[in-house]
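# Remarks on the overall topology
Residues per chain, in single letters:
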Amino acid sequence: MYYFASDVHLGADGSDETRRRERCFVAWLDMAARDAEAIFLVGDIFDFWFEYVRVIPKGFVRTLGKLAELSDRGIKVYFFTGNHDMWCYDYFERECGIKVFFAPQRMRLAGREVLIAHGDNMNIGDKPLLRFMNAIFRSKAARRIFSWVVHPDLALRFGHWWSGKSRKTHAAETLTPDSLRFLIDYAREYEARHPDIDYIIFGHMHLPYDYSEDGLRVLFLGSWDDAHPTYAVVDGDGNPELKTFEP
């Protein structure tokens, strides 16, 4: 079995809500680990993550410890960076034993061809400001300079403020299936170039949705704002399904 989750946004809320969300996520990891061949964390697991060479953000002890435990047990864990937690170096791989991807990946799972991506920075050709911001945020030189000149306390304070603004654009009450159109268009174009793809899995949009049309299938993972978050599972025959986790 293969399990997928995204947009947990650990650290996004006050301490009580953050602790509840982290305990729920760790419980999901325990559940998945019972029969998982691999676990895919498809971006924005952390609401803000900026990793210095020798400093990482405070908190998330239960999550990081659980990921290291699963890796030590031989369960493959794949971490896809999202727009809130792209500023990684080697901590996740070196300390937790999980593989980090900074770009979409095509994989063969249970005999099916699957494209996995967080979903940010895709099909934004008509948004020049967003393209510019993405280029800056993904610049290794800009990240290095930022880490040299900005104290970690200030960096985390700024990061959480910025992340909060970004997260509000994905508020559940403003989202509809039409909000997913730009990623569905991307998936449609990708499938035209790669007709052997079986389905695509996205995070990012905080709206769980299973979309199908003429041989194209796209699954959108939900966020963990709700007490019963949505995740995806791919069974041994390669069939994907969205499910609700009951802690």
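It should be noted that the structure appears before, not after, this text.
These notes cover the structure that comes with them. In this text the structure is predicted, and so the values were computed from the model without any measurement.

## So, the overall build of the chain
Helix and strand counts for the chain come out as seven helices and 11 strands. Considering only contacts in the chain between residues 6 or more positions apart, those separated by 24 or more positions represent 66%. Carbon and sulfur atoms provide 53% of the accessible area of the chain, an area that totals close to 11,900 Å².

## A word on the sheet that holds strand β6 (residues 112-117)
With mixed pairing, five strands are arranged side by side in an open sheet as β5-β6-β7-β9-β8. Each edge of the open sheet is held by one strand with a lone partner, namely β5 (105-109) and β8 (209-213). Sheet twist, expressed as the average angle between the axes of neighbouring strands with direction ignored, equals 20°. Bridge analysis of strand β7 (residues 199-202) against strand β9 (residues 216-220) gives three bridges, and the strand direction is parallel. Paired with I201 across the two strands is L219, which belongs to β9.

## With respect to helix α7 (residues 181-193)
The first and last C-alpha atoms of α7 sit 19 Å apart over 13 residues, in line with the 18 Å expected at 1.5 Å per residue. Every buried residue of α7 is accounted for by L183, I184, Y186, A187, Y190 and E191. Down the axis of α7, the smallest arc covering the buried residues is 155°, so these residues share one side. More than 90 degrees from the buried face of α7, the exposed residues found are A192 and R193. Among the structural elements, β5, β6, β7, β8 and β9 are those in contact with the buried residues of α7.

## Thoughts on the pairing of β6
Among the six residues that make up β6, five are buried, leaving the element largely enclosed by the rest of the structure. When β5 meets β6, the two strands line up antiparallel, connected through five bridges. The residue of β6 that forms the bridge with L109 is R112. In textbook terms, the turn of a hairpin is the stretch between consecutive antiparallel strands, and for β5 and β6 this stretch comprises two residues, one of which, A110, has a positive phi near 50°. Relative to β7, β6 runs parallel, the two being bridged by four bridges. Across the sheet, I116 pairs through a bridge with I201, a residue of β7.

## Some remarks on the packing of aromatic side chains
With the rule as written, the count across this model stands at 26 aromatic pairs. Taking the centre distance of 6.0 Å and the plane angle of 80° together, the rings of W28 and W224 count as edge-to-face. Pair noted here: W28 is in helix α1 (residues 15-33) and W224 is in the loop between β9 and β10 (230-234), with a separation of 196 residues, a long-range link. The burial state of W28 is the same as that of W224; both residues are buried. For the pair F46 and F60, a centre-to-centre distance of 4.9 Å together with 65° between the ring planes defines the contact as edge-to-face. A residue pair is termed long-range when its members are at least 10 positions apart, and F46 in the loop between β2 (38-42) and α2 (61-72) and F60 in the loop between β2 and α2 qualify at 14 residues. Residue F46 shares its accessibility class with F60, and that shared class is buried. A connected cluster of aromatic rings, assembled from ring pairs, spans Y2, F4, F40, Y78, F80 and F101.

## Here we look at a nonpolar patch on the surface
Taken together, the side chains of I145, W148 and V149 make up a nonpolar region of the molecular surface, amounting to roughly 390 Å² of accessible area. Summarising the element assignment, I145 is placed in helix α5 (residues 140-149).

## Points about the environment of R20
Mapped onto the elements of the fold, R20 is located in helix α1. Judged by relative accessible area, which is 30%, R20 ranks as partly exposed. As a C-alpha pair, R20 and A227 span 207 residues in sequence and 9.0 Å in three-dimensional space. Beyond its immediate chain neighbours, meaning those up to four positions away, R20 contacts W224, D225, D226 and A227.

So, how was this worked out
- Residues numbered from 1 in each chain as written.
- Predicted model: local features only at pLDDT ≥ 70, side-chain atom pairs only at ≥ 80, totals over all residues.
- Heavy atoms only, no water.
- Helix = DSSP H or I, 4+ residues; strand = E, 2+ residues; numbered from the N terminus.
- Contact = heavy atoms within 4.5 Å.
- Areas by Shrake-Rupley, 256 points an atom, 1.4 Å probe, with all protein chains shown as cover.
- Pairing = 2+ DSSP bridges.
- Axes fitted to C-alpha atoms, helices over the stretch in contact; angles between N-to-C directions.
- Expected span 1.5 Å × (residues − 1).
- Buried < 20%, exposed > 50% of the residue type's maximum accessible area, 1.4 Å probe, protein only.
- Arc of directions from axis to C-beta.
- Phe/Tyr/Trp six-rings, centres within 6.5 Å; stacked < 30°, edge-to-face > 60°.
- Patch = residues over 30% accessible without salt bridge, like charges linked within 9 Å, V, L, I, M, F, W, Y side chains within 5 Å.
- Salt bridge = Lys/Arg side-chain N within 4 Å of Asp/Glu carboxyl O.

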